[in-house]
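# Understanding the architecture of this molecule
Below are the chains, spelled out letter by letter.
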Amino acid sequence: MKSEASEMRVVIFDLGGVVVKVCRGWNEAAERVGVPRADESRFALPDLQSSRRELSDAYQRGQIESHEYFERIADATDGLYTPEQVERVHRAWVMEAYDGIAELIDALNALDGIETACLSNTNAAHWDDLKRGAGDGWGAISRLGHPFVSHEVGMVKPHAEIYEAVRAQLGRDASSLIFFDDLEENVRAARDAGWHAFQIDHTGDTARQARAALRPLGFDL
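Everything numeric here is computed off the predicted structure, so don't read it as measured data.

## Description of the layout of surface pockets
Counted as a void, the largest pocket has a volume near 1200 Å³. Looking at the largest pocket, it is lined by 37 residues, and the ones nearest its centre are Cys-23, Ser-56, Gln-60, Trp-93 and Asn-121. Only strand S2 (20-22), helix H3 (46-60), helix H4 (66-75), helix H5 (83-91), helix H7 (124-131) and helix H11 (184-192) provide two or more residues apiece to the lining of the largest pocket. Ranked by residue count, the leading element in the lining of the largest pocket is H3, at 7 residues. Here the residues of the lining of the largest pocket sort into 17 nonpolar, 12 polar and 8 charged.

This is how it looks when you write it as structure tokens:
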């Protein structure tokens, strides 16, 4: 009998908050590397926040180089941080892989007719750090069959264009794609694109959550 799982050809994971743990804010990352916490009365000024968001978006799209990003982010902290401090904080963002996630990816890869992938908003520095072994996350990420990372494809979630680009490159119908992300807006956009999408709680057991979502779809994990 043909199972429903056989129709779901690609299981796609976000990285930060699903496969690997990441800092959830500037001060958390700063504390990891001994950089002073931000003075919120200056750091949180609306114009500076807007500038940093625009720079982050451009960096994640691969539109600016790492050194330029660190320099321009430093300028957008009202002099609170140097480019060197910005880089230290930035590189502290990625932590270890979630327990059990590598084993889940292995189990999926072992199923007939099932492929795996990632779809992540990331940037050149974080991607390079992961490949060099930062936080041990590459052990899980390297198991994924198709890596789609924003700085290489030139698009970011939750814009509809990135979901269509991934679908087209995979050569699958939207209904054959299953997606896990920790951000509601990214999950909603994937559903709008016709994908099966599930929100993961990054504070919990992400592998267990993904397994629980896959079982009703016919996956024997």
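## A few points about the pattern of salt bridges
Tallied over the entire structure, the rule returns 17 salt bridges. A salt bridge links Arg-37 to Glu-31, with the shortest nitrogen-to-oxygen separation between them at 2.5 Å. The exposure class of Arg-37 is exposed, given its relative accessible area of 51%. What makes Glu-31 partly exposed here is its relative accessible area of 47%. Connected via shared salt-bridge partners are Glu-87, Arg-91, Asp-129 and Arg-132.

Scoring rules and cut-offs
Residues numbered from 1 in each chain as written. Predicted model: local features only at pLDDT ≥ 70, side-chain atom pairs only at ≥ 80, totals over all residues. Heavy atoms only, no water. 1 Å grid on protein atoms, 1.4 Å probe; cavity = no way out; pocket = protein on both sides within 12 Å on 5 of 7 lines; lining within 4 Å. Points joined across faces, edges and corners; volume = space filled by probe spheres on them. Helix = DSSP H or I, 4+ residues; strand = E, 2+ residues; numbered from the N terminus. Nonpolar A, V, L, I, M, F, W, Y, C, P; charged D, E, K, R; others polar. Salt bridge = Lys/Arg side-chain N within 4 Å of Asp/Glu carboxyl O. Buried < 20%, exposed > 50% of the residue type's maximum accessible area, 1.4 Å probe, protein only.

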